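# Descriptive structure summary
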Amino acid sequence: MFPFSFEWAWDMGHVIFFGGFWYAVSILGAGLTFCFLKAAYDTMNDSGDSH
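Residues numbered from 1 in each chain as written. Predicted model: local features only at pLDDT ≥ 70, side-chain atom pairs only at ≥ 80, totals over all residues. Heavy atoms only, no water.

## Describing a nonpolar patch on the surface
Rule in force here: Two distance rules govern patches: like charges are joined within 9 Å, and nonpolar side chains (Val, Leu, Ile, Met, Phe, Trp, Tyr) within 5 Å, applied only to residues with over 30% relative accessible area and no salt bridge. Only the protein chains shown count as covering a residue, and every accessible area follows the Shrake-Rupley method with a 1.4 Å probe. Only one rule defines a salt bridge in this text: a Lys or Arg side-chain nitrogen within 4 Å of an Asp or Glu carboxyl oxygen. Strands are runs of DSSP state E lasting at least two residues, helices are runs of H or I lasting at least four, and both sets are numbered from the N terminus onward.
On the surface, Trp10, Met12, Val15 and Ile16 cluster together into a nonpolar patch covering about 470 Å² of accessible area. Take Val15: it is sitting in helix α1 (residues 12-45).

The structure is reproduced here in structure tokens:
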């Protein structure tokens, strides 16, 4: 069932589940964005650690 379907009912269970789901997705997205931006910044400034 999708939110744009007419049978969708926004009860408290859906609100809690999707709230937690999007909270977790946003934390993961922010972490990955930070890692990509830091890697690009370190590459541009040649300040990253070499292996």
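Okay, back to it.
## Considerations on the packing of aromatic side chains
Operational definition: Think of it this way: a Phe, Tyr or Trp ring, Trp meaning its six-membered ring, pairs with another when their centres are within 6.5 Å, and the plane angle makes it stacked under 30 degrees, edge-to-face over 60, tilted otherwise. Buried means the residue's accessible area, taken with a 1.4 Å probe over protein chains only, is under 20% of the maximum for its type, while exposed means over 50%, and partly exposed covers the values in between.
Within the structure shown, the criterion is met by three aromatic pairs. For the pair Phe17 and Phe18, a centre-to-centre distance of 5.2 Å together with 75 degrees between the ring planes defines the contact as edge-to-face. The exposure class of Phe17 is exposed, given its relative accessible area of 53%. Taking 6.4 Å as the distance between ring centres and 10 degrees as the angle between the ring planes, the aromatic pair formed by Phe17 and Phe21 counts as stacked. Linking Phe17 with Phe21, this pair stays in helix α1, spanning four residues, or about one helical turn. Judged by relative accessible area, which is 38%, Phe21 ranks as partly exposed. Through successive ring pairs, a cluster of aromatic residues spans Phe17, Phe18, Phe21 and Trp22.

## A look at α1
Condition: To estimate how far a helix should extend, the number of its residues minus one is multiplied by 1.5 Å.
Over its 34 residues, α1 extends 49 Å from the first C-alpha to the last, a length consistent with the 50 Å expected when each residue adds 1.5 Å. At the exit of α1 stands Asp46, carrying a positive phi of roughly 55 degrees.

## Comments concerning the pattern of salt bridges
Tallying each qualifying case throughout the model produces one salt bridge. With a shortest N-O distance of 3.1 Å, Asp42 and Lys38 are connected by a salt bridge. Residue Asp42 and its partner Lys38 are both found in helix α1; the two are separated by four residues, about one turn of the helix. Taking relative accessible area as the criterion, Lys38 reaches 40% and is therefore assigned partly exposed.

Shape is all these values report; function is a separate question.
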